[in-house]
Amino acid sequence: MSDASPFPPTAPPPRPVSAGLYLVATPIGNLRDMTLRGLDVLAAADLVLAEDTRVSAKLLAAYGLKARLERCDDHASARAAELAVARIAEGAVVALVSDAGTPLVSDPGFVVARAVIAAGLPIHPIPGASSLLAALCLAGLPVDRVIFAGFLPPKSAARKSALAGLAEPGRTLVVFESGPRLAASLADMAEVLGDRPAAVTRELTKLHEECLRGTLSELAVHPRTQAPKGEIVVVVGPGEAVETSADDVDAALSEALTRLAPGPAAAEVAKQTGANRKALYARALDMKAAG
């Protein structure tokens, strides 16, 4: 077995960590996904704001680090923001971490980041693990146009309404979901978005990492999507644009004009049909003039 160092001797040395707020990405499952720069910041931090201090204490202990931990969840973010601004103004290094992944991505911390920015103090991203990016890489679906919607509403009616606003074709959709709601959510997606290709990823980077691929309707009834355990990210492929005839476009525009002014009507129909908005606006003005 080789006794060589796991890193080449030419690896860049750590840089000094100056005062400011650092948004530090943490592993989403595999502890070895912690970045060297993230460890540098946590080692230098005078204060670590954590979504759950118990979870973050375990992460720090795994790397032999110690730091003052303060809670920064949805209930404590205002206090954490005040503390962060005060400490950074004094010259402290403050790190913000979530339980797993990149802070602010469907995780607490937005209030803290906004407060630090408003105070004119330094703020730095420390990139690393992200379940959003990991799922996109694993799904095998187009990634040139992507919309991330976080967690969908838990109730079916509200969920369908939210999905209707995300139904524009040509974009890959990424959502987080819980195990107990997964099958019902997939069924609602199939109903509202159409039976698009999709992937259900679970336990990313962990020992039992899994990626199920198929259409939304197939995945909704798959045995392994019925209340599975673990963190789940669903990736839905872009739907195909449906060609609309000129008569259909005119009919949609005429109906929209009964409710809206020409500009908003043209924008609505352009979104629905993919037709050119400027052309639709000119057509809407002609319709209005014709009475």
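Below you will find a few notes about this structure. Note that the structure is a prediction, hence the values are computed from the model and not measured.

### So, a nonpolar patch on the surface
Line of reasoning, step 1. Taken together, the side chains of L104, F110 and V111 make up a nonpolar region of the molecular surface, amounting to roughly 260 Å² of accessible area.
Line of reasoning, step 2. The residue L104 is located in the loop between β4 (93–97) and α4 (110–118) in this model.
Line of reasoning, step 3. Taking the relative accessible area as the measure of exposure, L104 reaches 31% and is therefore partly exposed.

### Describing the nonpolar core
Line of reasoning, step 1. Counting 19 residues, the largest nonpolar core has L173, L186, M189, V200, L216, V234 and V236 as its most contacted members.
Line of reasoning, step 2. Looking at this core, the elements with two or more residues in it are β7 (172–177), α7 (182–193), β8 (197–202), α8 (216–220) and β10 (232–236).
Line of reasoning, step 3. A per-element tally of this core places α7 first, with five residues.
Line of reasoning, step 4. Leave out the neighbours within four places in its chain, and V200 touches L182, L186, E210, C211, L212, L219, I232, V233 and V234.
Line of reasoning, step 5. With 15 residues, the next largest nonpolar core counts V41, A50, L65 and V97 among its residues.

### Things to note about the sheet that holds strand β6 (residues 146–151)
Line of reasoning, step 1. Within the open sheet, the five strands sit side by side as β6-β7-β10-β8-β9. Their pairing is mixed. Lying at the two open borders of the sheet, with one neighbouring strand each, are β6 and β9 (210–215). Put simply, the sheet's adjacent strands are angled 15° from each other on average, direction ignored.
Line of reasoning, step 2. Direction of pairing for β6 relative to β7: parallel, over a ladder of four bridges. Along β7, the bridge assignment pairs F148 with V174.

### Details of the packing of helix α9 (residues 246–257) against helix α11 (residues 277–290)
Line of reasoning, step 1. Interhelical geometry of α9 versus α11 gives an angle of 65° and a closest axis separation of 10 Å. Where α9 crosses over α11, the handedness of that crossing is right-handed. Residue-level contacts link V249, D250, L253, S254 and L257 of α9 to L280, R283, A284, M287 and K288 of α11.
Line of reasoning, step 2. When its residues are assigned to classes, the contact of α9 with α11 shows six nonpolar, one polar and three charged.

### Structural notes on the state of the cysteines
Line of reasoning, step 1. A complete count under the given rule lists zero disulfides for this structure.
Line of reasoning, step 2. For C137, which is in no disulfide, the shortest distance to another cysteine sulfur is to C211 and amounts to 11 Å.
Line of reasoning, step 3. Judged by its relative accessible area of 69%, C137 falls in the exposed class.

So, how was this worked out
Residues numbered from 1 in each chain as written. Predicted model: local features only at pLDDT ≥ 70, side-chain atom pairs only at ≥ 80, totals over all residues. Heavy atoms only, no water. Patch = residues over 30% accessible without salt bridge, like charges linked within 9 Å, V, L, I, M, F, W, Y side chains within 5 Å. Areas by Shrake-Rupley, 256 points an atom, 1.4 Å probe, with all protein chains shown as cover. Salt bridge = Lys/Arg side-chain N within 4 Å of Asp/Glu carboxyl O. Helix = DSSP H or I, 4+ residues; strand = E, 2+ residues; numbered from the N terminus. Buried < 20%, exposed > 50% of the residue type's maximum accessible area, 1.4 Å probe, protein only. Core = buried A, V, L, I, M, F, W, Y, C linked by side-chain atoms within 4.5 Å. Contact = heavy atoms within 4.5 Å. Pairing = 2+ DSSP bridges. Axes fitted to C-alpha atoms, helices over the stretch in contact; angles between N-to-C directions. Left-handed = near helix turned anticlockwise from the far one by under 90°. Nonpolar A, V, L, I, M, F, W, Y, C, P; charged D, E, K, R; others polar. Disulfide = S-S within 2.5 Å.

The analysis is restricted to geometry; functional conclusions fall outside its scope.
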